[in-house]
Number of protein chains: 2
Amino acid sequence: MSDPLSKRRLKMWIRLLGVTRAAEGELREFLRVKHATTLPRFDVMAALYRKREGVTMSELSRMLLVSNGNATTVVDRLEADGLVRRTPSETDRRTVFVALTPEGFAQFEGLAAEHEAEVARVFAGLSEADLDAMTDILKRVGS
Amino acid sequence: MSDPLSKRRLKMWIRLLGVTRAAEGELREFLRVKHATTLPRFDVMAALYRKREGVTMSELSRMLLVSNGNATTVVDRLEADGLVRRTPSETDRRTVFVALTPEGFAQFEGLAAEHEAEVARVFAGLSEADLDAMTDILKRVGS
DNA sequence: GCTTGAAATTTCAGACTTGAAAAATTTTGC
DNA sequence: GCAAAATTTTTCAAGTCTGAAATTTCAAGC
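Residues numbered from 1 in each chain as written. Chains lettered and ligands numbered in written order. Predicted model: local features only at pLDDT ≥ 70, side-chain atom pairs only at ≥ 80, totals over all residues. Heavy atoms only, no water.

Per an unreviewed UniProt entry, chain A goes by MarR family transcriptional regulator and derives from Stagnihabitans tardus.

(A) Quick peek at the protein's contact with DNA strand C. Lining the immediate surroundings of DNA strand C are 24 residues, of which A:Ser67, A:Asn70, A:Arg77, B:Ser58 and B:Asn68 lie closest. At a separation of 2.7 Å, a phosphate oxygen of DNA strand C approaches a polar backbone atom of A:Ser67. A distance of 2.4 Å separates a phosphate oxygen of DNA strand C from a polar side-chain atom of A:Arg77. For the surface near DNA strand C, the element with the most residues is helix H4 (residues 68-80) of chain A, which contributes four residues. (Near = heavy atom within 4 Å. Polar contact = N/O pair within 3.5 Å; in protein donor to acceptor, adjacent residues only side chain to side chain. Helix = DSSP H or I, 4+ residues; strand = E, 2+ residues; numbered from the N terminus.)

(B) Spotlight on unusual backbone geometry. Positive phi is not limited to glycine here, since A:Leu65 has a value of about 60°. When its relative accessible area of 48% is taken as the criterion, A:Leu65 is described as partly exposed. We note that B:Ala36 has phi near 50°; this positive angle belongs to a residue other than glycine. Locating B:Ala36 in the fold gives a position in the loop between helix H1 (4-35) and helix H2 (39-50). (Buried < 20%, exposed > 50% of the residue type's maximum accessible area, 1.4 Å probe, protein only.)

(C) Inspection of the packing of helix H1 (residues 5-35) of chain A against helix H6 (residues 128-142) of chain B at higher detail. Their axes nearest at 10 Å, the elements H1(A) and H6(B) cross at an angle of 30°. Comparing their axes, H6(B) and H1(A) come out roughly parallel. Considering how the two elements wind past one another, H1(A) and H6(B) form a crossing that is left-handed. From H1(A), A:Leu5, A:Arg8, A:Arg9, A:Met12, A:Arg15, A:Leu16 and A:Val19 reach across to H6(B), where they touch B:Glu128, B:Leu131, B:Asp132, B:Met134, B:Thr135, B:Leu138, B:Lys139 and B:Val141. (Axes fitted to C-alpha atoms, helices over the stretch in contact; angles between N-to-C directions. Parallel < 35°, antiparallel > 145°, perpendicular 65-115°, else oblique. Left-handed = near helix turned anticlockwise from the far one by under 90°. Contact = heavy atoms within 4.5 Å.)

(D) Representation of the UniProt feature "domain: HTH marR-type" (unreviewed entry) in chain A in the model. Listed under "domain: HTH marR-type" (unreviewed entry) in the UniProt record, and renumbered for this structure, are residues 9-143 of chain A. Each end of residues 9-143 of chain A is marked by a C-alpha atom, and these two atoms are 16 Å apart; helix forms 71% of the span and strand 9%. (UniProt positions renumbered as here; feature names shortened; annotations may be inferred.)

(E) Looking closely at the relation of the copies chain B and chain A. Each copy of the sequence occupies a distinct position, and chain B is placed on chain A by a rotation of 180° and an axial shift of 0.0 Å, giving an RMSD of 0.1 Å. This pairing of chains is accounted for by a two-fold axis. If distances are taken from each C-alpha of chain B to the rotation axis, the shortest is found for B:Met134, at 3.3 Å. When the interface residues of chain B are mapped onto chain A, 96% of them again lie at the interface, so the same face is used by both copies. (Least-squares fit on C-alpha atoms with pLDDT ≥ 70 in both.)

(F) View of the packing of aromatic side chains. Here the structure, examined in full by the defined rule, presents eight aromatic pairs over all chains. Ring centres 5.5 Å apart and planes at 40° place the aromatic pair A:Trp13 and B:Phe123 in the tilted group. Here the residue A:Trp13 occupies a position in helix H1, and B:Phe123 occupies one in the loop between helix H5 (102-122) and H6, the pair thus bridging two chains. With relative accessibility at 3%, the residue A:Trp13 sits in the buried group. The exposure class assigned to B:Phe123 is buried, which follows from its relative accessible area of 1%. Their ring planes at 35° and their centres at 5.3 Å tell us that B:Phe42 and B:Phe108 sit as a pair that is tilted. Of the two residues, B:Phe42 is situated in helix H2 and B:Phe108 in helix H5; the sequence distance between them amounts to 66 residues. Pair check on accessibility: B:Phe42 and B:Phe108 agree, each one buried. Following the ring pairs from residue to residue traces out a cluster consisting of A:Phe42, A:Tyr49, A:Phe105 and A:Phe108. (Phe/Tyr/Trp six-rings, centres within 6.5 Å; stacked < 30°, edge-to-face > 60°.)

(G) Just H1(B), in detail. Given a rise of 1.5 Å per residue, 32 residues ought to cover 46 Å, and the 45 Å separating the end C-alpha atoms of H1(B) matches this to within 8%. At the exit of H1(B) stands B:Ala36, carrying a positive phi of roughly 50°. (Expected span 1.5 Å × (residues − 1).)

(H) Local environment of the environment of A:Thr101. All names here are of chain A. The topology assignment puts Thr101 in the loop between strand S3 (96-100) and helix H5 (102-122). Since its relative accessible area comes to 7%, Thr101 is described here as buried. Through-space distance from the C-alpha of Thr101 to that of Met12 is 41 Å; in sequence the pair is 89 residues apart. Leave out the neighbours within four places in its chain, and Thr101 touches Gly82, Leu83, Val84 and Arg85.

(I) A look at the sheet that holds S3(A). Residue and element names in this part refer to chain A. Taken in spatial order, the three strands make up an open sheet running S1-S3-S2, and their pairing is antiparallel. The strands lining the two open edges of the sheet, one partner per strand, are strand S1 (55-56) and strand S2 (84-88). Where S1 and S3 come together, two bridges link them in antiparallel fashion. Paired with Val55 across the strands is Val98, a residue of S3. Those strands touched by helix H2 (residues 39-50) are S1, S2 and S3, and its axis lies near 95° from that of S3. (Pairing = 2+ DSSP bridges.)

Structure follows, in structure tokens:
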């Protein structure tokens, strides 16, 4: 008997979640052992690396799909370590811009290449065609 | 210059992570609003529902890809709520079996169908062919 | 038997995460 | 102008999660 479509979506989701968690685990381990950092810290720095001019706290939490409160504490720690800087907005006193410091920028550049290599290692099992197909399907989820 | 293929794997991973986090967020919201529970609790109960005879704590944390310490605290809370029961092994006094109580079993059965429908809703954008292709590709990641 | 090492679980400190509430500021509608 | 609503960020309590250390028990070799 053929599974109802909803059951197949469920199975696909369970597998998707498993693969993602396993990959996250490997990256977490890599960041911890090789670079003494964590995934959330890396995520924040990566977001700020992409937006060099700086982003507001709200933009940051939207980019990372985490709550505002969460973004605040991770940024707090990165700021205490001198990797990130908060700058109050001139035009709106509620708003704060966050950006990498030169130290943060340098540290992230050192990390980025190795991180990319590690991701490539984790997904080495996927062919070029797989990557295309996967990206294509993933785009279709949100729309 | 970095290998373009590794960059494509990285982009696929970033998209994969984004889709997974967005879906997790929707399911979390669904469980919280409609059923006053959380994703980790649901995950534990789902694992125990699949293995009715019970599992050891180590098996449980391997199934969910979480640390032993984490499994302990989530099971602690479910046990305090009477949804889960710990039973010491007869043959190995280090080992503990965990299983759903009748209350836990009943609660999960009420949840499961709605959860499946919610997952189907989240991934409604994917066709049958997409599901097949996706599942196929995901299988290839681990091997 | 005894000792050493391995295995299962819990405990612990610290970090992450959420969602709600609070505080400060800006915008909007009158 | 001004009161009410909306926006931005932080604070807070509670739950989740990790990795290492501690505890208890079992297994293996001598």
